[in-house]
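So the chains spell out like this:
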Amino acid sequence: MRITDVEVLVTCPGRNFVTLRVRTDEGVHGLGDATLNGRELAVVSYLRDHVAPCLIGRDPFRIEDIWQYLYRGAYWRRGPVTMTAIGAVDMALWDIKGKALGVPVYELLGGASRAGVLVYGHASGESAGEAVDAVGRYLDLGYKAVRVQAGVPGLSGTYGVGRGELFYEPAGTGLPREDVWSAEKYLATVPSLFARVRDEYGDEVRLLHDAHHRLTPIQAARLGRDLEPYRLFWLEDVAPAEQQEAFRLIRQHTTTPLAVGEIFSTIHDATVLLREYLIDYLRMTVVHGGGITHLRNAAAYADVHQVRTGCHGATDLSPVAMAAALHLDLSIPNFGIQEYMRHTAETDEVFPHAYTFSGGYLHPGGSPGLGVDYRDDLAERHPYQRAYLPVSRLEDGTMGNW
Ligand code: KDG
Ligand code: MG
């Protein structure tokens, strides 16, 4: 089998997605997600101008060799644009191999290690009361784990607070929106939010929270300690993820489990965190972390350090990346949890998929390959629209971390 064509497809069914389609001389094609939120067209060019010409004529079954060729061969390694592009190619090749052999990708990865993939949903509200009510709606849908975020009084546009009942979409069209941030105001509200959620729903539901890289190490340590009575499943990105050494201080102060890694592009971003047992969950994902091939290696390295996976699964990861994550989640020994931010109906129509949700678990389904299609006819109705994540300023106007 040979690769004959590589297409980079851009569509905006409610938000932008970049999809790679790799075609072969035997009529089998594979899909990969190449979406990098707010920097989509950089990956389009990387793939179209620099990667696609190198793939034509290659054997798509040689997944590992092509991964190494793209990673080692570029000389310029790592970084989100490079690793998203490699990730998209890698997903598409696993998809082709599964389809050609007539098996779902998880069978190629060693088979199912569990019956389903535990997921968490996103409950949020402008006020703590609204967020508490939103948790109830997720529990009614069968979720066993819920991330909880609430607006902070006095601050506009707090991270994680969604529109509508089930959807959260931080990216907006046009230039970046500017939000206002105060760690002091935030820290004063989070513990009481979780006290209310535990009071209302008891101890069984797994609760998660994302601080989105905004605290200093000592603020992060304090938040972790203040949340201990509410036994969180995890506290995510409690300090900027690239400051691995900062987690030494945080870890000394709190037993709240920590999750980091959605912005990591290779395992080299997490070596201190893992080797020194500073985190409990690794959030790297297939699309921004070099595909199934690299994430499988990263998960194995995490497993050696008793760290479980908790793959990023926000709306900016297309259903193709979600499916790829689910095949990996189902197969690896140290799976922890999968983020599942639901896509809108418009998005799901462009990407019909075999994965299904039931009773708090997702399953990738039994279709050969990844189990996701791409409807060109619908995708073409939604052309790319410039969109960005917001940026964040402190109350005095200084730039902060979004
Ligand atoms: O593109 C960035 C979003 O995916 C990110 O802000 C969402 O932090 C996030 C999460 O945990 O889903
Ligand atoms: Mg996050």
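Right, let's walk through the structure included here. Just so it is clear, the model here is predicted, and its values are computed rather than measured.

Rules used throughout
- Residues numbered from 1 in each chain as written.
- Chains lettered and ligands numbered in written order.
- Predicted model: local features only at pLDDT ≥ 70, side-chain atom pairs only at ≥ 80, totals over all residues.
- Heavy atoms only, no water.
- Helix = DSSP H or I, 4+ residues; strand = E, 2+ residues; numbered from the N terminus.
- Expected span 1.5 Å × (residues − 1).
- Buried < 20%, exposed > 50% of the residue type's maximum accessible area, 1.4 Å probe, protein only.
- Core = buried A, V, L, I, M, F, W, Y, C linked by side-chain atoms within 4.5 Å.
- Domains from an automatic or database assignment.
- Contact = heavy atoms within 4.5 Å.
- 1 Å grid on protein atoms, 1.4 Å probe; cavity = no way out; pocket = protein on both sides within 12 Å on 5 of 7 lines; lining within 4 Å.
- Points joined across faces, edges and corners; volume = space filled by probe spheres on them.
- Nonpolar A, V, L, I, M, F, W, Y, C, P; charged D, E, K, R; others polar.
- Donors = N, O, S within 2.8 Å, 3.2 Å for Na, K, Ca; no water.
- Near = heavy atom within 4 Å.
- Polar contact = N/O pair within 3.5 Å; in protein donor to acceptor, adjacent residues only side chain to side chain.
- Areas by Shrake-Rupley, 256 points an atom, 1.4 Å probe, with all protein chains shown as cover.
- Sits in = over half its atoms within 2 Å of the grid points.
- Salt bridge = Lys/Arg side-chain N within 4 Å of Asp/Glu carboxyl O.
- Pairing = 2+ DSSP bridges.
- Lys, Arg positive; Asp, Glu negative; His and termini not counted.

To continue, consider helix 12 (residues 319-331). For helix 12, which comprises 13 residues, the first-to-last C-alpha distance of 19 Å matches the rise-based estimate of 18 Å (1.5 Å per residue) to within 8%. Judged by how many residues are buried, helix 12 sits mostly within the fold: 13 of 13 residues are covered.

Another point: the nonpolar core. Of all hydrophobic cores here, the largest spans 131 residues; its most connected members are Leu47, Leu215, Val238, Phe247 and Leu282. When residues of this core are assigned to their parent elements, the largest contribution, 10 residues, is made by helix 3 (residues 80-101). When residues of this core are assigned to domains, at least three map to each of domain 1 (3-104) and domain 2 (117-368). Among residues more than four places away in sequence, those in contact with Leu47 are Val8, Leu20, Ala34, Ala52, Pro53, Ala85, Ala88 and Val89.

What follows is about empty space enclosed by the protein. A complete count under the given rule lists 3 cavities of 30 Å³ or more for this structure. Here the largest cavity is characterised by a volume of approximately 60 Å³. Of all elements in the fold, only strand 5 (145-150) and strand 8 (206-210) reach the threshold of two or more residues within the lining of the largest cavity. Among the residues forming the lining of the largest cavity, the class breakdown is 6 nonpolar, 4 polar and 2 charged. By volume, the second largest cavity amounts to about 40 Å³. Considering the residues around the second largest cavity, the lining is formed by Leu282, Arg283, Met284, Leu295, Ala298, Ala299, Thr309 and Cys311. Per-class residue counts for the lining of the second largest cavity are 6 nonpolar, 1 polar and 1 charged.

Taken together, Asp210 (OD), Glu236 (OE) and Glu262 (OE) make up the full set of protein donors to the magnesium ion (ligand 2), lying 2.0 to 2.3 Å away. Each donor residue of the magnesium ion (ligand 2) lies on one chain, and together they are spaced D-x25-E-x25-E. Here the residue Glu236 occupies a position in strand 9 (residues 234-236), and Glu262 occupies one in the loop between strand 10 (258-260) and helix 10 (271-275), the gap between them amounting to 26 residues. By relative accessible area, Glu236 is classed as buried at 0%.

Near ligand 1, the surroundings consist of 14 residues, among which His212, Glu236, Glu262, Asp316 and Glu339 are the closest. In the model, an oxygen atom of ligand 1 is placed 3.0 Å from a nitrogen or oxygen of the Arg283 side chain. Contacts to ligand 1 include His312, whose side-chain N or O atom sits 2.9 Å from an oxygen atom. In isolation ligand 1 exposes 330 Å². Once the protein is present, 93% of that is buried. Mapping ligand 1 onto the cavity grids shows that it belongs to the largest pocket. Looking at side-chain class alone, the shell around ligand 1 contains 4 nonpolar, 3 polar and 7 charged residues.

Once that is clear, we can look at the pattern of salt bridges. Tallied over the entire structure, the rule returns 19 salt bridges. Close ionic contact of Arg21 with Glu7 constitutes a salt bridge, the shortest N to O distance being 2.9 Å. Highlighted residues: Arg21 in strand 2 (residues 17-24) and Glu7 in strand 1 (residues 3-11), separated in sequence by 14 residues. Residue classification places Arg21 among the buried residues on the basis of a relative accessible area of 5%. As a salt-bridge pair, Lys185 and Glu395 come within 2.5 Å of each other at their nearest N and O atoms. With Lys185 in helix 6 (residues 183-187) and Glu395 in the segment after strand 17 (391-394), the pair connects residues that are 210 residues apart, well separated along the chain.

Gaps left between atoms are located by rolling a probe of water-molecule size over the structure's atoms. Volume-wise, the largest pocket comes out at about 850 Å³. Lining the largest pocket are 34 residues, and of these Asn37, His212, Ile263, Leu389 and Trp402 sit closest to its centre. Looking at the lining of the largest pocket, its residues break down into 16 nonpolar, 9 polar and 9 charged. Lining the lining of the largest pocket are residues from two domains, each supplying at least three of them: domain 1 (3-104) and domain 2 (117-368). Here the second largest pocket defines a volume of roughly 200 Å³. Surrounding the second largest pocket, 14 residues form its lining, Trp181, Ala183, Arg214, Gln219 and Leu394 being those nearest its centre.

With that out of the way, let us pick up the pairing of strand 7 (residues 178-181). Residues of strand 7 alternate between two faces, with Asp179 and Trp181 buried on one and Glu178 and Val180 left unburied on the opposite face. Strand direction decides the pairing type here: strand 7 and strand 17, joined by 4 bridges, are parallel. Bridge assignment links Asp179 to a residue of strand 17, and that residue is Ser392.

Tracing the sequence through the fold places Asp33 in strand 3 (residues 29-33). Despite its burial, Asp33 pairs with no opposite charge, the nearest such side chain being Arg15 at 8.3 Å. Within polar-contact distance, the side chain of Asp33 engages the backbone nitrogen of Ser318 at 2.9 Å.

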